[in-house]
Amino acid sequence: MENWDEVRTAYQVAKMGTVSGAAEILGVHHATVIRHIDALETRLGVKLFQRHARGYTPTEAGTDLMRVAQTTDEQLSQLASRVKGQGNDVSGELVITSLSGLAPLLIPALADFQDKYPDVILRFLTGDRLFRLEYGEAHVAIRAGAAPEEPDNVVQPLIEQNTTLYASKAYIDKFGMPETEADFVNHRFICADDRNSRAPFIRWIWENIPEENIAFRSSDIRALQLAVHEGMGIGFTTTWSAQRHPDLVEIKAHSQEWPSPLWLVTHVDLHRTTKVQAFLSHLKEYAKDWI
């Protein structure tokens, strides 16, 4: 395509549904948007949009073009993010991704890093999906479980965290302490709502605790942790988190611990940059006090 500006304009019109919406996003006059659309349709020899009173709707040809434009736009944005990370100073944007449950562990380390490097703008992104480092979605990923195996990533161990059953003192005062696993039928449990979870401790609950005893379920790990603290039942918590909450009591009737290593993951293109190396060194040193 000879003129990317025209394609980008068409993409924004399809995305926003109106000429005025696209013009606002692009920072141009609405007449410029119309001119770009008309020129692109003339060049391609097809109608890309159906015009109507409420706005613009892509035709079949327009939809095909928009898919290509969206992919190109995303890749250009990701390339820009990667290029920005290749400077020689510790400044600008640094994007870190992890599971949301690691936030209490990581935020103090991030705050300390920003104290040392005040010109850094930190973006801490959480979610269950894997952010694509090869497309510049993040500079550093902190992942749990088995060692990541994506090509072109540099993987380093951070710490190993253990997970086991805990209950709050309020729960123990109300329902008592189970002496053996046979006592679990007389207790209430907290568990992730996903029966197909790959986490071994979650599978253990669904396989070993009567379903009617799993009194609180959630897809939000923070909600599960808060439910344990509030005395709603017995639930799994990492040992590092439990050590920070003296109201939690380990359930000795359950002797198993499931180790879950944490990994630092970076893309090979950004791994050696000054900013990324400064953060990796900082986090490794900070993590020595975690366990």
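Residues numbered from 1 in each chain as written. Predicted model: local features only at pLDDT ≥ 70, side-chain atom pairs only at ≥ 80, totals over all residues. Heavy atoms only, no water.

S.K.: Can you help me understand the overall build of the protein in this one?
M.R.: Looking only at helices and strands, the protein has 11 helices and 11 strands in total. On the principal axes, the C-alpha backbone points of the protein span a range of 80 × 45 × 30 Å. Counting over 291 residues, the protein shows a buried share of 44%. For the protein, restricting intrachain contacts to residue pairs at least 6 apart in sequence, the fraction spanning at least 24 positions comes to 73%. For the protein, the accessible surface area stands at approximately 15800 Å², while carbon and sulfur atoms represent 49% of it. (Helix = DSSP H or I, 4+ residues; strand = E, 2+ residues; numbered from the N terminus. Buried < 20%, exposed > 50% of the residue type's maximum accessible area, 1.4 Å probe, protein only. Contact = heavy atoms within 4.5 Å. Areas by Shrake-Rupley, 256 points an atom, 1.4 Å probe, with all protein chains shown as cover.)

S.K.: Would you mind going over the pattern of salt bridges with me for this structure?
M.R.: If charged atoms from side chains of opposite charge come close, those side chains can pair. Under the definition given, this model contains 15 salt bridges. Residue Lys252 is joined to Glu250 by a salt bridge in which the shortest nitrogen-to-oxygen separation is 3.5 Å. You can call Lys252 exposed: its relative accessible area is 63%. Relative accessible area serves as the criterion here: at 25%, Glu250 is assigned to the partly exposed category. Each member of the salt-bridge network shares a partner with another, and the members are Asp38, Glu41, Lys47 and Arg51. (Salt bridge = Lys/Arg side-chain N within 4 Å of Asp/Glu carboxyl O.)

S.K.: When you look at the packing of aromatic side chains in this model, what are you seeing that I'm missing?
M.R.: One pair of aromatic rings is described through two measures. These are the centre distance and the angle between the planes. Within the structure shown, the criterion is met by 12 aromatic pairs. Here the aromatic rings of Phe201 and Phe236 are separated by 5.4 Å at their centres, their planes lie at 45°, and the arrangement is tilted. Of this pair, Phe201 sits in helix α7 (residues 200-208) while Phe236 sits in strand β9 (residues 235-238), and the two are 35 residues apart along the sequence. Judged by relative accessible area, Phe236 falls into the buried class, the value being 15%. (Phe/Tyr/Trp six-rings, centres within 6.5 Å; stacked < 30°, edge-to-face > 60°.)

S.K.: Explain the environment of Ser197 here, please?
M.R.: Residue position: Ser197 is located in the loop between β7 (189-192) and α7. Not counting the four nearest positions on each side in its chain, Ser197 is found in contact with Ile202 and Arg203.

S.K.: When you look at the pairing of strand β2 (residues 55-58) in this model, what are you seeing that I'm missing?
M.R.: In summary, the side chains of a regular strand alternate between the two faces of the sheet. Judged from the four bridges that link them, strand β1 (residues 49-52) and β2 form a sheet pairing that is antiparallel. Bridge pairing in β2 links Gln50 to Thr57. Connecting β1 to the next strand, β2, in antiparallel fashion are two residues. (Pairing = 2+ DSSP bridges.)

S.K.: Honestly, the packing of helix α5 (residues 103-116) against helix α11 (residues 274-287) in this entry has me stumped. Any pointers?
M.R.: For any two helices packed against each other, the geometry is given by the interaxial angle and the distance between the axes. Following both chains from N to C, one finds α5 and α11 inclined at 130°, their axes separated by 10 Å at the closest point. By the angle class used here, α5 and α11 are oblique. Taken as a pair, α5 and α11 cross one another with a handedness that is right-handed. Side by side, α5 and α11 meet where Leu106, Pro108, Ala109, Leu110, Asp112, Phe113 and Lys116 of the first sit next to Lys275, Ala278, Phe279, His282, Leu283 and Tyr286 of the second. (Axes fitted to C-alpha atoms, helices over the stretch in contact; angles between N-to-C directions. Parallel < 35°, antiparallel > 145°, perpendicular 65-115°, else oblique. Left-handed = near helix turned anticlockwise from the far one by under 90°.)

S.K.: I keep staring at the pairing of strand β6 (residues 153-168) and nothing clicks. Help me out?
M.R.: Alignment of β6 against strand β11 (residues 258-267), held across 10 bridges, turns out to be antiparallel. Following the sheet pairing, Glu160 is matched in β11 by Pro261. Across four bridges, the pairing between β6 and β9 is antiparallel. Note on β9: the bridge partner recorded for Tyr166 is Gly235. Of the strand pairs in this sheet, β6 and strand β10 (residues 248-250) are connected by three bridges, and their pairing is antiparallel. Bridge pairing links Ser168 to Leu248 in β10.

S.K.: Sorry if this is basic, but what is going on with the side chain of Lys275 here?
M.R.: Structurally, the position occupied by Lys275 is in helix α11. A polar contact of 2.7 Å, which involves the side chain of Lys275, links it to the backbone oxygen of Glu93. (Polar contact = N/O pair within 3.5 Å; in protein donor to acceptor, adjacent residues only side chain to side chain.)

S.K.: What's the story with helix α8 (residues 221-229) in this structure? I'm lost.
M.R.: At 3.6 residues per turn, the α-helix brings residues three or four places apart onto the same side. When we look at burial in α8, the residues that qualify are Leu224, Ala227 and Val228. Down the axis of α8, the smallest arc covering the buried residues is 100°, so these residues share one side. Buried-residue contacts for α8 involve β6, β7, β8 (214-218), β9 and β10. You can read the cap of α8 off the contacts: a side-chain oxygen lies 2.8 Å from the backbone nitrogen of Arg222, and it is on Asp220. Note on α8: the residue one or two positions beyond its end, Gly231, has a positive phi of about 80°. (Arc of directions from axis to C-beta.)

S.K.: What exactly am I supposed to notice about unusual backbone geometry here?
M.R.: Keep in mind that most residues, glycine aside, have a negative phi and that most peptide bonds are trans. Residue Asp152 is not a glycine yet carries a positive backbone phi of 70°. On the secondary structure map, Asp152 appears in the loop between β5 (140-144) and β6.

S.K.: Explain the packing of helix α1 (residues 4-16) against helix α2 (residues 19-26) here, please?
M.R.: For the pair α1 and α2, interaxial distance at closest approach is 8 Å and the crossing angle is 125°. By the angle class used here, α1 and α2 are oblique. The hand of the α1/α2 crossing is right-handed. Contact residues: α1 offers Arg8, Thr9, Gln12, Val13 and Met16, while α2 offers Gly21, Ala22, Ile25 and Leu26. Here the residues of the contact of α1 with α2 sort into five nonpolar, three polar and one charged. (Nonpolar A, V, L, I, M, F, W, Y, C, P; charged D, E, K, R; others polar.)

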